[in-house]
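So the chains spell out like this:
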Amino acid sequence: AAAVVQKLVRARATRRGFLQSVEAIVTMQRWYRRSVRRIRILRRGRAALVLQRRCRGVLGRRRAREQQLACLDLDEACRRLLHRWRYRILRRVRRRRAATALAAQAPVSLAASPAAPEISRSLPVTPLRPTPTGWAQMQQMPIPPQPGQA
């Protein structure tokens, strides 16, 4: 009977040790899974920030390019307008010169005229390529008088 009692006591101690080991293993697994979950959440957050930053960079560069193209379109439109104004002024000046030349029955050249430097100074000169100050320069130019207002 003593051997049976010893056997039961040893089995109980072994079972208690086994249950403590199982409990310790479950605790370690819980700790490990919690730390892995935290790491994944942090990585996901960092990945989201990287994606947001890159997406905003692409959108910002696209927006800047669109603004740059819009500025070029505006500069081109201003240049065309200035050329149109210059053409009209030159046409007006040439008609006046032609009328005075016909009246005097003597051909007068625009370059030989004493008023030619004054006319060339009053006409707008546009750059060949767009400049950021082109719009400001156009706004500062004097508006030529209409025929009959001189």
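In this text, all values refer to a predicted model and were calculated from it rather than measured experimentally.

1. Thoughts on the overall build of the chain
From N to C terminus, the chain includes three helices and zero strands. What you see in the chain, going N to C, is helices and strands ordered as α-α-α. Split into buried and exposed, the 150 residues of the chain put 11% on the buried side. The contacts in the chain between residues at least 6 apart in sequence include a share of 72% that link residues at least 24 apart. Of the roughly 13,300 Å² that the chain leaves accessible, carbon and sulfur atoms contribute 60%.

2. Side note on the pattern of salt bridges
When their charged atoms lie close together, side chains carrying opposite charge are able to pair. Summed over all chains, the structure comprises one salt bridge. Of the charged contacts, one joins Glu-76 and Arg-80 as a salt bridge, the two residues approaching to 3.8 Å between their closest N and O atoms. Residue Glu-76 and its partner Arg-80 are located together in helix 1 (residues 2-104), separated by four residues, close to a single helical turn. Given the relative accessible area of 48%, Arg-80 is considered partly exposed.

3. Description of a positive patch on the surface
A grouping of Arg-30, Arg-34, Arg-37 and Arg-38 is seen on the molecular surface, where their side chains present a positively charged patch. By secondary structure assignment, the location of Arg-37 is in helix 1.

4. Here we look at helix 1
Residues separated by three or four positions in an α-helix point in the same direction, a consequence of the helix having 3.6 residues per turn. Taking 1.5 Å per residue, 103 residues should reach 153 Å; helix 1 reaches 152 Å between its end C-alpha atoms and fits that length. Three or more residues of helix 1 are buried, namely Ser-35, Asp-75, Cys-78, Arg-79, Leu-82, Ile-89, Leu-90, Arg-92, Val-93 and Ala-101.

5. A look at the confidence of the model for the chain
Put simply, the chain has an average pLDDT of 82, and 69% of its residues get 70 or more. By mean pLDDT, the top-scoring element of the chain is helix 1 (94), and the lowest-scoring one is helix 2 (residues 116-122) (53).

Cut-offs and rules
Residues numbered from 1 in each chain as written. Predicted model: local features only at pLDDT ≥ 70, side-chain atom pairs only at ≥ 80, totals over all residues. Heavy atoms only, no water. Helix = DSSP H or I, 4+ residues; strand = E, 2+ residues; numbered from the N terminus. Buried < 20%, exposed > 50% of the residue type's maximum accessible area, 1.4 Å probe, protein only. Contact = heavy atoms within 4.5 Å. Areas by Shrake-Rupley, 256 points an atom, 1.4 Å probe, with all protein chains shown as cover. Salt bridge = Lys/Arg side-chain N within 4 Å of Asp/Glu carboxyl O. Patch = residues over 30% accessible without salt bridge, like charges linked within 9 Å, V, L, I, M, F, W, Y side chains within 5 Å. Lys, Arg positive; Asp, Glu negative; His and termini not counted. Charge placed at Lys NZ, Arg CZ, Asp CG, Glu CD. Expected span 1.5 Å × (residues − 1). pLDDT = per-residue confidence, 0-100.

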